[in-house]
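# Residue-level structural notes
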Amino acid sequence: MKAITYSDYGPPDVLHVEEVPAPEPGDDEVLIRVRAAEATKSDTEMRSFRFAVNWFWLPLRLAIGVRKPRQRILGGYFAGEVVALGNDVTRLAVGNEVYGTAGIRFGAYGEYVSLPASYTIVPKPTNMSFAEAAAVPLGALNALHFLRLANIQKGEKVLINGAGGSIGAYGVQIAKSMGAEVTAVDKSIKEDFIRRMGADHFIDYTKEDFAAAGETYDVIFDMVPGSDYGACVRLLNPNGRYLTGNPTFSFMLRSVFTTWFSDKTVLFRFARESKEELLALKTMIEAGEIGSIVEKVYPMEGAAEAHRRVETEERLGALVIAIGG
Ligand SMILES: NC(=O)c1ccc[n+]([C@@H]2O[C@H](COP(=O)([O-])OP(=O)(O)OC[C@H]3O[C@@H](n4cnc5c(N)ncnc54)[C@H](OP(=O)(O)O)[C@@H]3O)[C@@H](O)[C@H]2O)c1
């Protein structure tokens, strides 16, 4: 099969298309013909081995390969078709059009990927193309997971920091579908895109510090590393919730004190990915509550270009690689 591979950590040009053996499904696995995979920030971080939060550098490097990556095919989020099932698999059927996550196995940048049937793989939304569906799991699963934790009530004021990213763009749509008034923070080139996602207010972080704008919020959903913890907590209304995807050690410690000794709650999580949540997203998509965020679809040979575009931080939505012919 054809796959986008990399043999060394480094810049986007380490990615190449080559022929590799196709995987065989084990007894508990499902073999998927991948039709599209999202080019994500995590893929670029794994490729370059550069991360916004450094504390897990050593354990991660030990896990994925000290000198070279052990798994040479990236791609954690995909849409495709089930083409074979292991002997013990009863949950899906050959011919199902699915979308989902490859977890720590990666491999969705290849024409075929074999994954445990227990993974977060479910029928894809019927009103989305493979490319549109491939862009859902990363951003929307994380956004839904965090925003459900916040238990948003109709009319609550929600600030989303990093609203133009994969997670933020779905965060805006999902918070709106929960009835929130949404303030989005990102760069002005993304304002039109973010307002199309449904944001009510927009703050350009290069021109204005949202912490100094004089507004307070019921929920702050923060996907930007290095935010000012104290400033964010001070912006919360009574019973406010601050959710972050990029906790530092100091953040984690302070969050315990804030949550125990004040009327505010600080939550940091490594979002789990669940079939129930991905099915809930399918329902929301088919009901028109949330829509596609795809900016561009690249051929497999354009993988390095897609990664470069992810790294510029200027994309307006998700970048997807069409896999196979
Ligand atoms: N905890 C978890 O379970 C979990 C799961 C997945 C991802 N994450 C982390 O969550 C973060 C976001 O992921 P993502 O995939 O959505 O990333 P992304 O697509 O790169 O989105 C980040 C967005 O934040 C914007 N941004 C950067 N600096 C900013 C600032 N100072 N103020 C406001 N906006 C700013 C970026 O735009 P510009 O840079 O162009 O301004 C970009 O639009 C990543 O750091 C990732 O590692 C956590």
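Procedures and definitions
Residues numbered from 1 in each chain as written. Predicted model: local features only at pLDDT ≥ 70, side-chain atom pairs only at ≥ 80, totals over all residues. Heavy atoms only, no water. Phe/Tyr/Trp six-rings, centres within 6.5 Å; stacked < 30°, edge-to-face > 60°. Helix = DSSP H or I, 4+ residues; strand = E, 2+ residues; numbered from the N terminus. Buried < 20%, exposed > 50% of the residue type's maximum accessible area, 1.4 Å probe, protein only. Lys NZ or Arg CZ within 6 Å of the ring centre and 35° of its normal. Polar contact = N/O pair within 3.5 Å; in protein donor to acceptor, adjacent residues only side chain to side chain. Core = buried A, V, L, I, M, F, W, Y, C linked by side-chain atoms within 4.5 Å. Domains from an automatic or database assignment. Near = heavy atom within 4 Å. Areas by Shrake-Rupley, 256 points an atom, 1.4 Å probe, with all protein chains shown as cover. Nonpolar A, V, L, I, M, F, W, Y, C, P; charged D, E, K, R; others polar. Pairing = 2+ DSSP bridges. Axes fitted to C-alpha atoms, helices over the stretch in contact; angles between N-to-C directions. Contact = heavy atoms within 4.5 Å. Patch = residues over 30% accessible without salt bridge, like charges linked within 9 Å, V, L, I, M, F, W, Y side chains within 5 Å. Salt bridge = Lys/Arg side-chain N within 4 Å of Asp/Glu carboxyl O. Buried area = accessible area lost by both parts, 1.4 Å probe.

Turning our eyes to something else, we now look at the packing of aromatic side chains. Tallied over the entire structure, the rule returns eight aromatic pairs. Pairing Tyr 229 with Phe 251 gives two aromatic rings, centres 4.8 Å apart and planes at 90 degrees, and the pair type is edge-to-face. On the criterion of sequence distance, the pair formed by Tyr 229 in helix 7 (residues 229-234) and Phe 251 in helix 8 (residues 249-261) is long-range, its members being 22 residues apart. Each member of the pair, Tyr 229 as well as Phe 251, carries the same accessibility label: buried. A centroid spacing of 6.0 Å and a plane angle of 25 degrees characterise the contact between Phe 257 and Phe 261, whose relative ring orientation is stacked. Remark: Phe 261 and Phe 257 occur in helix 8; sequence separation between them is four residues, near one turn of the helix. The exposure classification of Phe 257 matches that of Phe 261, with both residues exposed. Taken together, the ring pairs connect Tyr 6, Tyr 9 and Phe 49 into an aromatic cluster. The ring of Phe 49 has Arg 61 sitting right over it, with the charged end atom 4.6 Å from the ring centre. Just above the ring of Phe 130 sits the side chain of Lys 124; from NZ or CZ to the centre is 5.1 Å.

Tracing the backbone through its elements, the reader meets Asp 209 in the loop between strand 10 (201-204) and strand 11 (217-222). Separated by 24 residues in the primary sequence, Asp 209 and Val 185 place their C-alpha atoms 9.3 Å from one another. There is a polar contact of 3.0 Å between the side chain of Asp 209 and the backbone nitrogen of Ala 211.

So, about the environment of Ile 73. Looking at the element boundaries, Ile 73 is found in the loop between helix 2 (57-64) and strand 4 (77-85). The exposure class assigned to Ile 73 is buried, which follows from its relative accessible area of 12%.

In this structure, Tyr 99, Ile 174, Phe 221 and Leu 281 are the most contacted members of the largest nonpolar core, which totals 51 residues. The two domains that each donate at least three residues to this core are domain 1 (2-135 + 292-322) and domain 2 (139-268). Residues Tyr 6, Ile 73, Tyr 109 and Val 113 belong to the second largest nonpolar core, which totals 38 residues.

What follows covers the site of the ligand. Near the ligand you find 23 residues, and of these Lys 190, Tyr 205, Ala 271, Glu 313 and Arg 315 are the closest. At 2.9 Å, a backbone N or O of Ile 167 approaches an oxygen atom of the ligand. Glu 313 is positioned with one of its backbone polar atoms (N or O) 2.3 Å from an oxygen atom of the ligand. In isolation the ligand exposes 920 Å². Once the protein is present, 86% of that is buried. For the shell around the ligand, the secondary structure elements donating two or more residues are helix 4 (137-149), helix 5 (166-177) and strand 9 (181-186). Here the shell around the ligand is composed, by residue class, of eight nonpolar, eight polar and seven charged. Taken together, domain 1 (2-135 + 292-322) and domain 2 (139-268) each give at least three residues to the shell around the ligand, which thus spans both.

Read from one edge of the open sheet, six strands run 10-9-8-11-12-13, paired in parallel fashion. Both outer strands of the open sheet, strand 10 and strand 13 (265-268), are each paired with one neighbouring strand and no more. Averaged over neighbouring strand pairs, the angle between their axes works out to 15 degrees when direction is ignored. Across four bridges, strand 8 (residues 157-161) lies against strand 11 in parallel orientation. Bridge assignment links Ile 160 to a residue of strand 11, and that residue is Phe 221. Strands in contact with helix 5 are strand 8, strand 9 and strand 11; relative to strand 8, the strand with the most contacts, it is inclined by about 170 degrees. Relative to the sheet, helix 8 contacts strand 12 (236-244) and strand 13, its axis offset from that of strand 13 by approximately 150 degrees.

Together, Trp 57, Leu 58, Leu 62 and Val 66 make up an exposed nonpolar region whose accessible area comes to about 390 Å². Counting through the fold element by element, Trp 57 comes out in helix 2. Exposure remark for Trp 57: the relative accessible area of 38% places this residue in the partly exposed category.

Here the focus is unusual backbone geometry. The phi angle at Phe 49 is positive, at roughly 55 degrees, despite the residue not being glycine. The exposure class assigned to Phe 49 is buried, which follows from its relative accessible area of 5%. Look at Glu 313: it is not a glycine, yet its phi comes out positive at around 65 degrees.

Per the domain assignment, the segments making up the protein are domain 1 (2-135 + 292-322) and domain 2 (139-268). Its C-alpha centre places domain 1 at a distance of 28 Å from the equivalent point of domain 2. Taken together, the contact pairs 14 residues of domain 1 with 16 residues of domain 2. Carbon and sulfur atoms supply 62% of the area buried between domain 1 and domain 2, which totals about 1,200 Å² over both sides. Taken together, the links from domain 1 to domain 2 amount to zero salt bridges.

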